[in-house]
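# Overview (structure and organization)
Here is how the chains run, residue by residue.
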Amino acid sequence: MRKFFKILCAASLLCLVANASELDKIGMTYVKSPLNVPSIVDKFKGFYAKSFGMPVEYSEITSGAKQTQALASNSLQFLNCVGGTSVILAAANKADIKIISAYSRAPEAFAIFAKDKGIKTAKDLKGKKIAGPKGTILNELLVRYLALGGLSINDVEFVSMGIPAAQAALENGSVDAALLAGPAAYNAKKSGLSVVTTGKGVITPVIVTATSGEFYKKHKDLVEKFKKAQDEILAFMKANEEEALKFTAEETGLSIEAVKSMYPQYDFSPKITPEDIKALEATQEFMLESKMIEQKVDIKSLLID
């Protein structure tokens, strides 16, 4: 009887430990810019919470480095929109990170602008002062575009600053060109600034969704539910485009005309394609050249099967 009691107590203790480890909510990033329609639709309609069967706690973290840090600390379970650059950097630094799916591709949403309409080609940028965020898709666009003209980043004066500051610097004449994306790029074009190039034909920036390898091992069912909700959101967007774009205008503060103009630039297909892998590998080469990382990672090994 005493032996049975000990076994019963041990079993009860195991159950308590198991129950204590069960999740009662999901932590996920919420990034609405540049034009992240799927995330905005979810905020209004709650697809992920319905799929998980539990509350979702959203964190508005736009910095890729801070997103991957939050994932590593287990304060978040899903990164719903993180740059391929940030994932590669985390993996190169031995972080436990896995790519679930693609979030978006929008090469035309990233652009180099100039005030001087005489700046039309990569060669025209030689010796110019150019502002933009370092270590980002826009930085990669600049490097790749300069290469098309036989130039390198050393042939220009690159000043690292955020997109709003870069746009202001271009408008007040402090710099000759600026790297802009999303609403900033749309507004710059509307204001009459000249588009030197977009990312189309130059780079294919891949934004992804991610989780940790450990979380995937323990909760494959929740990762599958995440993917299911992602598909449901895209189906809703296709069937209810006007409503989805209305949500987006409301959430971003953009006019509905601006949203409708920008929306066709985005491909939100979740399937990671061979072209996406090539694009991520090209991004990794840029990171190696820029000394952001010291060694390669196997991009395919980051993908969840």
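Okay, so let's go over this structure. (Residues numbered from 1 in each chain as written. Predicted model: local features only at pLDDT ≥ 70, side-chain atom pairs only at ≥ 80, totals over all residues. Heavy atoms only, no water.)

### Some thoughts on the sheet that holds strand β10 (residues 206-211)
Strand order across the open sheet formed by three strands is β3-β10-β4, with antiparallel pairing between neighbours. Among the strands making up the open sheet, the edge pair consists of β3 (79-83) and β4 (98-105). Each neighbouring strand pair of the sheet contributes to a mean axis angle of 35°, computed without reference to strand direction. In the sheet, β3 pairs with β10 via four bridges, with the strands oriented antiparallel. Within β10, the residue paired with L79 across the bridge is A210. (Pairing = 2+ DSSP bridges. Helix = DSSP H or I, 4+ residues; strand = E, 2+ residues; numbered from the N terminus. Axes fitted to C-alpha atoms, helices over the stretch in contact; angles between N-to-C directions.)

### A short note on the sheet that holds strand β7 (residues 157-160)
The strand order across the open sheet formed by five strands is β7-β6-β8-β5-β9, and the pairing between neighbours is mixed. The sheet terminates laterally at β7 and β9 (194-198), the two strands that pair on one side only. Across this sheet, the average inter-strand angle for adjacent strands is 30°, counted without regard to direction. Summarising the sheet, strand β6 (residues 129-132) and β7 pair through four bridges and their orientation is parallel. The partner of K129 across the bridge, within β7, is E157.

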